[in-house]
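Geometric and topological summary
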Number of protein chains: 2
Amino acid sequence: MTQQKAGTGRFPPSSPDHQETETDMKSYDVIIIGGGPSGIITGLTAIKQNKTASMLMIKEEAKGLVPCGIPYVFHDLDDIAQNAMGPKPFVDAGGEVLVDTVTEVDVTGKTLRTETGTEFTYGKLVFATGSVPTVPTFIKGYDLDGVEYIKKSYSYIEQLKKKADALHDIVIIGGGFIGAEVAEQFARHTDKRVTLVEAEPHCLYRAFSADFAALADEALTGASVNVVTGTKVVEILGDGGSVTGVKLSNGKTVKAELVISAIGYRPCTDLAAKAGLTINRHGAIQVDNYLRTTAKDVFAVGDCAATTGFITGRTDNIMLASTATAEARVLGCNLTTIRLLRNFAGTLSVFSTEINNKAFASAGAIEQSAREADVDYVIGSFEDVDRHPGTLPGAQKLKVKLIVSPGNGAIIGGEIYGGKSAGEMINTVSLAIQKSVTVYELISFQIGTHPLLTTAPTKYALIKAAENAINEIQARNA
Amino acid sequence: MTQQKAGTGRFPPSSPDHQETETDMKSYDVIIIGGGPSGIITGLTAIKQNKTASMLMIKEEAKGLVPCGIPYVFHDLDDIAQNAMGPKPFVDAGGEVLVDTVTEVDVTGKTLRTETGTEFTYGKLVFATGSVPTVPTFIKGYDLDGVEYIKKSYSYIEQLKKKADALHDIVIIGGGFIGAEVAEQFARHTDKRVTLVEAEPHCLYRAFSADFAALADEALTGASVNVVTGTKVVEILGDGGSVTGVKLSNGKTVKAELVISAIGYRPCTDLAAKAGLTINRHGAIQVDNYLRTTAKDVFAVGDCAATTGFITGRTDNIMLASTATAEARVLGCNLTTIRLLRNFAGTLSVFSTEINNKAFASAGAIEQSAREADVDYVIGSFEDVDRHPGTLPGAQKLKVKLIVSPGNGAIIGGEIYGGKSAGEMINTVSLAIQKSVTVYELISFQIGTHPLLTTAPTKYALIKAAENAINEIQARNA
C-alpha cells in the first residue's frame, strides 16, 4: 500500500519508493518503535501532516491494551478484549505495522535490525518504547512464584486475570494509582481478601496532599480493601518456591496466594542506551522541548522520554498516557520541521481516578511537591456539594484545593475530590495552570452552572477556592 | 450590630455611626436593592473587602429561591423549601437585611424611600433588581386564569406548584432553558400530559446550533414531552375566563388546564428608569466595564444590568446567575475603588442543562450567533463516549463542537452534549475562550483522563475537536 506513497525527500536519506535496497534493507521515511498511546498518536498525527511519507510501526505484541483501563479488566469489564487497543487508526491512515522486536539501532548509519533479522533504514526514528514495572529486587522473596506485576501486555494480563480468578488472598504492594485501582477492583469480588500496603503515610500520596490522600485511604477501606499505610513489605514469604504471604515492617504477616507489586514503572530504554542516546538520572531518554534526542533525526516520546517539570523546570519522571499523547501530538506535527510551537512549556502531572465511587483528581504542584522543590505557596480550599441545591438526588461532597504562588497569584496546582465531574473539573484547573491564570482572574471567571450538574453559581468551588487563596495572600501581606 | 461598625469615610457622604439623621433618615455606606444571587454576592464580597462599612440589603420577599433550581421544584425536589436561598451568608458577615420595596431613588441627593415610608441615605447604591418574566401581551388570551409564569418568587412558585399538582394537561410556551426544564419535570409525573411549543426550529436554539438543538428535542420527546417546534401559539383559548387550551399556528389546538409562558425575561428597571439612569435598548441599566451606571456612586449588577457580548463587543442581554455572580464578585471588590481589574472583557453566555439524563452545555459563540454577528468561523467537531474503553458501564455518547476564528485559531465558542461531566467540561471551554486559547495550543494541552471519568487520552474530545478545526483551517488555506 505505502509503496505508492513514495518518500518525499523531506526525510533524508529516504530511499525512493521504499523498494528494497541492494543490501536487502527496507526503507521508511519514519519508523516508530512501540505501539502504545504515544506511538499510535505520533504516527497518526505525522501521517496526517505528511500524507506522502512512508511510516512503519514496529511493536512487540499484535494486541495492545488501553493502559489506564488495565485495572478494570479485573472486575468492571466483562472481558479483557473490551480493553484492547490497536494501531488500527494508524493503519487506516496508511501506516504499516510490523510485529517484531527491535534489537539494535545504528543512529549513525540510520538503520535498525529486529529479532527476526530484518533490517531497515529510516529517515526519522521515534522511540515510543514505554515503561515496565519496577521489580522490587530489594525485597527478599521478590522472585517467588505468585509475585506478579501490572505489565502493559495483553497476553500477560490475560494470564494474570485467569490466575487471579481462582485465588482469594491478594496482597498489593504500593498504593499509587495502579495499586489502589487494582486493589479496589479485586476487592469488588466478594470471595477475595485484598490487602494494600503503602510505605507513605497515605495512598496516592505522590498526587495528593495529606488531607485528600487520607480520603483515598477511606475510599479504599470503604471498598473492603485492608489498607496498611506507613508500612513496608520487608519480605515476601514462600513455601516450595511459591508465595504464601508477606511480612510487614510493623512485624505482622499477611497471608497471600498472589502478591502484586505496583511500586512504579521504569522507562524502557535499554535499546536506546545501547544505541548511545543520552539517558537521564531517571533512566529516561534525554529530549529537548521538541522531543529530539541527542542523536540526529531520532526522537523519543511518552514514558521512555524525559519530561521537564512544569513548575520547577527540572527533570521529572512523569509517566501518564495523557502526557504521552500530548507530547505525541506535538511530535507528530513537528517530525519533519517545527511547525507547531510548544506553547505550554514543561509537563504537568494531571491525575484522576475513581475509588469506590469517589473521584480524585490533581494537576500540577501539590503541597509536598511544592515544599520539596522549595516553591513558596498558599492554599485556597473550598468544600461544597456538586449539585445545587444540595438536596438534589445524587449530590456528592466536593472538595477543591488550589496551590497558588503568592507572588503574582498564579495557580500552580489543584486537587479535587468529589463525584465523577471532578474528572473534567481538573482539566479546567490544568488549563488555568498552563495559561498562568491567576486567582485574581479566576474570581471573575465566567462559568456555566446547573442544579443537576455543578455547584451553585454563588459559590462555584474553583472560584471560592481562588477567593480563599486571595484572603491567604492578603493575610500574609497584612 | 452594625452600629458599632462605623462608616470609614471612604464612602462619602457617609453619616457617622449610622444613627438616624435629623430628618429621620437612616444612613448606610452601601445599600443593595435586591436579594438574588447578584445582590447576595455583591454584598458578601464587599463586606469582606470593607469590614468596617455598614451595608443594607433591601429585598421584597423574606424568602428567596435558587433561581436555576426552580424547575426542579416541580418534580425532583421533594419540597420547595429545599430550593430556598437566603441572605444568611451576608447577614453572618455583618450585613443587615430589610424586607421592603424601594419605591423611589434620588441619585442626586443619594437617598431612597421604601413602600413602608422609610427613608435612607447611601454612600454607594447597587441595583440588583433582577428580571421578571415577559408577559405575552401579543397573544390573545394571555390574561386568562390559568396562564402562569416561572417567576423568581418563593410564594408565587409555592402556589403554582400546589395548583399544578391537581392538573393534568399542561402547555408550555417557549422551549428555552426554563421552558424545556419545566416541561421535562412536569412530564416526569405520569398523570400529566405536557406539550412544549417552540417557535424556532428547535428547542434551546439560542444556545445550541441546529444539530445539538435537535438532540434537545429528542431528549424532551424521550421524556414524554409532546414537542412542537417551528410553531407559534396564536391564541390561548378559554371558557368562562379560564384556560382550556391553545391554538397553534399549524391550525391545531391542544387542550390545557394550565399554560406556562416561558418566552423570556425582561430586566426589572422601572425604578432605575424613574431615578433617571440610562436604560439600553434591551431595557437593561447601562453600565461600564466596572458595573457603574450613569449616576455617580450608583451601580447595577446581574439581570437588570447591561452586558457586553464577549465576541462582538456589542450590547447583549445575557441573564444567567453564573454571569451575574461573576459580575457581582468584581463589583464587590471594586465598590470603593477599582482594586480588581477585569481581566476577562465582555460577558460570555455559558449555559448548561440536563434533559432526560442528557447534558447540554454551551459557551460563547454558536453557529447562529456567529453568523448573525458576521463573525467568520470554522467548526471542529468530535464524537466519542465519555469513558474509555467505551465498553465500561455507564458510558454515554459525547459530542463536542468548537467554534473557532480561522484567523488566529482562537476558540470563540463550544457546545457539548453528553453525560453529566459535560457540565464541567464546558468550563474548560469557557476558560479557553476567556484566555484566548487557540486550537494550536489546545492540541498540546495536557489533560487528565481516566477510564471511569473521561474519554481516552488518545482522543480526548476537546483536543480532537481542536485538531479537526485545524484541518478545516488548513483546508480553507489550501
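Residues numbered from 1 in each chain as written. Chains lettered and ligands numbered in written order. Predicted model: local features only at pLDDT ≥ 70, side-chain atom pairs only at ≥ 80, totals over all residues.

1. Quick look at the overall build of chain A
Check the secondary structure of chain A and you find eleven helices and 26 strands. Computed over the C-alpha atoms, the radius of gyration of chain A is 24 Å, within 12% of the 23 Å expected from 2.2 N^0.38 for a compact globule of 478 residues. Across the 478 residues of chain A, 58% fall into the buried class. The long-range fraction of contacts in chain A, counting pairs at least 24 apart against all pairs at least 6 apart in sequence, stands at 66%. (Helix = DSSP H or I, 4+ residues; strand = E, 2+ residues; numbered from the N terminus. Rg over C-alpha atoms; globule rule 2.2 N^0.38 Å. Buried ≥ 20, exposed ≤ 12 C-beta atoms within 10 Å, placed from the backbone. Contact = placed C-beta atoms within 7 Å.)

2. Some details on the packing of helix α1 (residues 37–49) of chain A against helix α7 (residues 321–334) of chain A
Residues and elements named next belong to chain A. Running from N to C, α1 and α7 point in directions that differ by 25°, and their axes come no closer than 8 Å. In terms of orientation, α1 and α7 fall into the roughly parallel class. Every pair of crossing elements has a handedness; the one defined by α1 and α7 is right-handed. Each of P37, S38, I41, T42, L44, T45, A46 and Q49 in α1 lies in contact with α7, whose residues at this interface are A321, A324, T325, E327, A328, R329, L331, G332 and C333. Residue composition of the contact of α1 with α7, grouped by class: nine nonpolar, six polar and two charged. (Axes fitted to C-alpha atoms, helices over the stretch in contact; angles between N-to-C directions. Parallel < 35°, antiparallel > 145°, perpendicular 65-115°, else oblique. Left-handed = near helix turned anticlockwise from the far one by under 90°. Nonpolar A, V, L, I, M, F, W, Y, C, P; charged D, E, K, R; others polar.)

3. Comments concerning the sheet that holds strand β12 (residues 193–197) of chain A
Residue and element names in this part refer to chain A. With parallel pairing, five strands are arranged side by side in an open sheet as β10-β17-β11-β12-β13. Both outer strands of the open sheet, β10 (147–149) and β13 (225–228), are each paired with one neighbouring strand and no more. Each strand axis lies, on average, 25° off the axis of its neighbour in the sheet, ignoring direction. Pairing of β10 with strand β17 (residues 258–261) involves three bridges; the strand directions are parallel. By the bridge assignment, E148 is partnered in β17 with I260. (Pairing = 2+ DSSP bridges.)

4. Some remarks on the sheet that holds strand β14 (residues 233–239) of chain A
All names here are of chain A. A sheet is described by the order of its strands in space; here three strands give the open sequence β14-β15-β16, paired in antiparallel fashion. Strands at the two margins of the open sheet, each flanked by one partner only, are β14 and β16 (253–255). Within this sheet the neighbouring strands show an average axis-to-axis angle of 30°, counted without direction. Pairing of strand β15 (residues 242–248) with β16 involves three bridges; the strand directions are antiparallel. Pairing of G245 across the sheet is with K255, part of β16.

5. Some words on the confidence of the model for chain A
Residues and elements named next belong to chain A. On average, chain A scores 92 in pLDDT, and the residues at 70 or more come to 95%. Predicted confidence is poor over residues 1–22, with pLDDT under 50, and the contacts of this stretch with residues over four places away or in other chains come to 47 contacts. Reported confidences for the modelled complex are a pTM of 0.90 and an ipTM of 0.89. (pLDDT = per-residue confidence, 0-100.)

6. Regarding α7 of chain A
Under the 1.5 Å per step criterion, the end-to-end length of α7 of chain A is 20 Å for 14 residues, consistent within 8% with the ideal 20 Å. Counting buried residues along α7 of chain A, 14 of its 14 residues qualify, which places the element largely inside the surrounding structure. (Expected span 1.5 Å × (residues − 1).)

7. Focus on the relation of the copies chain B and chain A
The two copies are related by a screw motion: chain B maps onto chain A through a turn of 180° and a shift of 0.0 Å along the axis, at an RMSD of 0.0 Å. Both chain copies can therefore be described as sitting about a two-fold axis. A shared interface surface links the copies, since 100% of the contact residues of chain B are contact residues in chain A too. (Least-squares fit on C-alpha atoms with pLDDT ≥ 70 in both.)

8. Focus: the domain arrangement of chain A
All names here are of chain A. Structurally, chain A comprises domain 1 (2–132 + 266–334), domain 2 (147–263) and domain 3 (357–477). A C-alpha centroid distance of 32 Å is found between domain 1 and domain 2. Contacts between the two partners involve 17 residues from domain 1, matched on the other side by 17 residues from domain 2. Class assignment for the residues of the side of domain 1 that touches domain 2 results in ten nonpolar, four polar and three charged. (Domains from an automatic or database assignment.)

9. Thoughts on the pairing of strand β12 (residues 193–197) of chain B
Residues and elements named next belong to chain B. With four of five residues buried, β12 is to be regarded as a mostly interior element. Direction of pairing for strand β11 (residues 169–173) relative to β12: parallel, over a ladder of five bridges. Paired with I173 across the bridge in β12 is V197. For the crossover from β11 across helix α4 (residues 177–187) to β12, the handedness is right-handed. Sheet topology places β12 next to strand β13 (residues 225–228); four bridges connect them, and they run parallel. Bridge assignment links L196 to a residue of β13, and that residue is V227. The β-α-β motif built from β12, the intervening helix α5 (residues 210–222) and the parallel element β13 has right-handed crossover chirality. (Right-handed = clockwise from strand over helix to strand, strands pointing away.)

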